[in-house]
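What follows is the residue order along each chain.
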Amino acid sequence: MVKINYSIVDVFSEGRYTGNPLAVFKNAGTLSEQEMQQIAKEINYSETTFILSNLKKNNGFDVRIFTPNEEVPFAGHPTLGTAFIIQNEVLKEPLDKLHLNFKAGQIPVSFDNRGEVLWMKQNEPSFGQILDKKIISDVLNIDDEYIDDRFPIQEVSTGLPVIVVPLKSLEAVKKVNMNREKYFTLIEQTDAKAILVFSPETYRTENDLNVRDFADYYGIPEDPATGSSNGCLAAYLVKYRYFNKSEINVRVEQGYEIKRPSLLFLKADEVNGKMNVHVGGKVVKMAQGEWFL
């Protein structure tokens, strides 16, 4: 019987059984795309990653990411979780930085070993179409008065696009109840297949923003912690000077509505027209085992 090793970690974790779970398969280059997709569907986490080789290529490690429904070119919590496993189980030595090669490009991950926070530098953001408030409120199944129209509803991407929706309050975030039929109609007309809503009101006073992220297209009705979408949010916050400045360093809570509290750190700035986006979080190893092929 052929077996392959894997580990399970919680990413953007505040402790065991918090954050977003991730399964990471090591030395998985012999698996076919179909096998990777079948494994991801069987595990049924938001994403599962496959490290194709334990050897570097182009100064980084080749990694593929699969949701239960399809492969994606980039995702945030898989980046940090996979980097954690490479450092601790593949290289088995402390590092300041390593690189992961995704379909969306090479992403550097740095290690603040003293604070146990991993940081990824995301791609330069792009800003897409601005969407109608009435259409989005119907998709979210909330009154359009809950949407903060001081800022646009817009598609943003740092590798995987998302629709960013500013809401006025935590009450508004809690009321979101996706209309699946209208959601799937909407995303036929957009590059982004996920929707992120956020509020300046939070469950915990030490946090700056509350977030929910919905991506039913990928088989993820609601995600507990979304590094890619929060990177897009960081860029959005800087572009529109949400905090009235061109630089941010904020704490974001996510996952509270689905009982998976998560904590993400966002840093971003704009210098000479160029935006730099970093997303950080802690990773906790939960399990390891062998998968039978």
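Please refer to the structure higher up on the page.
Okay, so let's go over this structure. Residue positions are given per chain, counted from 1 along the sequence in the order it is written. Where local features are concerned, this predicted model is filtered to residues with pLDDT of at least 70; where side-chain atom pairs are given and counted, the filter is 80 or more; whole-chain, interface and lining totals use all residues. As a rule here, side-chain values cover all heavy atoms of the structure and leave hydrogens and water aside.

It is worth spelling out the nonpolar core at this point. By convention a nonpolar core is built from buried Ala, Val, Leu, Ile, Met, Phe, Trp, Tyr and Cys residues, the set being connected through side-chain atoms within 4.5 Å. Burial status follows relative accessibility: with a 1.4 Å probe on protein chains alone, a residue under 20% of its type maximum counts as buried, one over 50% as exposed, and anything between as partly exposed. Formed by 59 residues in total, the largest nonpolar core has its most connected members in Phe198 and Leu233. The helix count covers DSSP runs of H or I at least four residues long, the strand count covers runs of E at least two residues long, and both are numbered beginning at the N terminus. Of all the elements, helix H6 (residues 227-239) adds the most residues to this core, at seven residues. The residues touching Leu233, leaving out its near neighbours within four places in the chain, are Val164, Leu196, Phe198, Leu209, Val211 and Leu266. Counting 22 residues, the second largest nonpolar core, distinct from the first, contains Ile142, Ile163, Val173 and Val197. Here a residue-residue contact requires only that any non-hydrogen atoms of the pair lie within 4.5 Å.

Our next topic: the pattern of salt bridges. Each salt bridge in this description consists of a side-chain nitrogen of Lys or Arg and a carboxyl oxygen of Asp or Glu lying within 4 Å of one another. The tally for this structure, following the rule as stated, stands at 15 salt bridges. Between Glu71 and Arg64 there is a salt bridge, with its nearest N and O atoms 2.8 Å apart. As far as the burial class goes, Glu71 and Arg64 line up, both buried. Classification of Glu71 as buried rests on a relative accessible area of 17%. It is possible to trace a salt-bridge network through shared partners that takes in Glu33, Arg64, Glu71 and Lys103.

Direction vectors running N to C along helix H3 (residues 133-140) and helix H5 (residues 180-187) enclose 140°, while the axes themselves pass 7 Å from each other. Viewed along their axes, H3 and H5 adopt a mutual orientation that is oblique. Counted together, Ile135, Ile136, Asp138 and Val139 of H3 and Lys182, Tyr183 and Leu186 of H5 form the full contact between these two elements. Note on geometry: axes are lines fitted to C-alpha atoms, helical ones only across the stretch in contact, with angles between N-to-C directions running from 0 to 180 degrees. Angular relationships are summarised with four words: roughly parallel below 35 degrees, roughly antiparallel beyond 145, roughly perpendicular across 65 to 115, and oblique for the angles in between.

Turning our attention to the pairing of strand S3 (residues 48-51). Where burial is concerned, the two faces of S3 agree: the one with Thr48 and Phe50 and the one with Thr49 and Ile51 are both buried. Bridging between S3 and strand S4 (residues 61-66) involves four bridges; their strand directions are antiparallel. Residue Thr49 lies in a different strand from S4, and its bridge partner there is Ile65. We call two strands paired when DSSP finds no fewer than two bridges between them.

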